[in-house]
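# Observations on chain architecture
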Amino acid sequence: MFGFSEEEKTAEIKALAKVAKSINWKVIDNWREKLGAEDNMALCFDYDTGHYYDTRQLTRRSPFQSHVRLNIEKMIFSGCLSKEDVQQYKDVDITELAVDIDEEL
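Residues numbered from 1 in each chain as written. Predicted model: local features only at pLDDT ≥ 70, side-chain atom pairs only at ≥ 80, totals over all residues. Heavy atoms only, no water.

### Focus on the overall build of the chain
Quick reminder of the rule: Helix and strand definitions follow DSSP, with helices as H or I runs of at least four residues and strands as E runs of at least two, each counted in order from the N terminus. To sort residues, take the accessible area from a 1.4 Å probe on protein chains only and compare it with the maximum for the residue type: under 20% means buried, over 50% means exposed, and anything in between is partly exposed. Should any heavy atoms of two residues lie within 4.5 Å, those residues are counted as being in contact. Each accessible area is a Shrake-Rupley result for a 1.4 Å probe, and residues are judged covered by the shown protein chains and nothing else.
The helix and strand inventory of the chain stands at seven helices and zero strands. Listed by position from the N terminus, the elements making up the chain come as α-α-α-α-α-α-α. A burial count over the chain gives 32% of its 105 residues as buried. When contacts within the chain are restricted to residue pairs at least 6 apart in sequence, those whose partners lie at least 24 apart make up 64%. Total accessible area on the chain is roughly 7700 Å²; 52% of this is exposed by carbon and sulfur atoms.

### Notes on the environment of S78
In plain terms, the rule: The definition of a polar contact used here is a pair of N or O atoms within 3.5 Å, where within protein one atom must be able to donate a hydrogen and the other to accept one, and adjacent residues in sequence count solely through side-chain atom pairs.
Mapped onto the fold, S78 is located in helix α5 (residues 66-78). With relative accessibility at 9%, the residue S78 sits in the buried group. Distance in space between the C-alpha atoms of S78 and K21 is 9.5 Å, their sequence separation being 57 residues. A distance of 3.3 Å separates the side chain of S78 from the backbone nitrogen of C80, its partner in a polar contact.

See below:
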């Protein structure tokens, strides 16, 4: 891939796997119904374009909705729009993801 080492590609895949595996699908399912989205793609699109803030279905900076925003943003970042999409990361080991700051310096 365009100038990336194999180690950098692996680190990126592990980061995406960690994000994808941490999505709370119960929150997504409940809020998709509350917001009236047809599917997860529509939920992400309407969230990303600000539709839910324009229609006041979501409130910016509300601590009571932070879990909703976080999970939708995880879906957008990882590209996993369903539980089945997360299965592509099932074999990725995310236990060694932590990077030592001293190593970076």
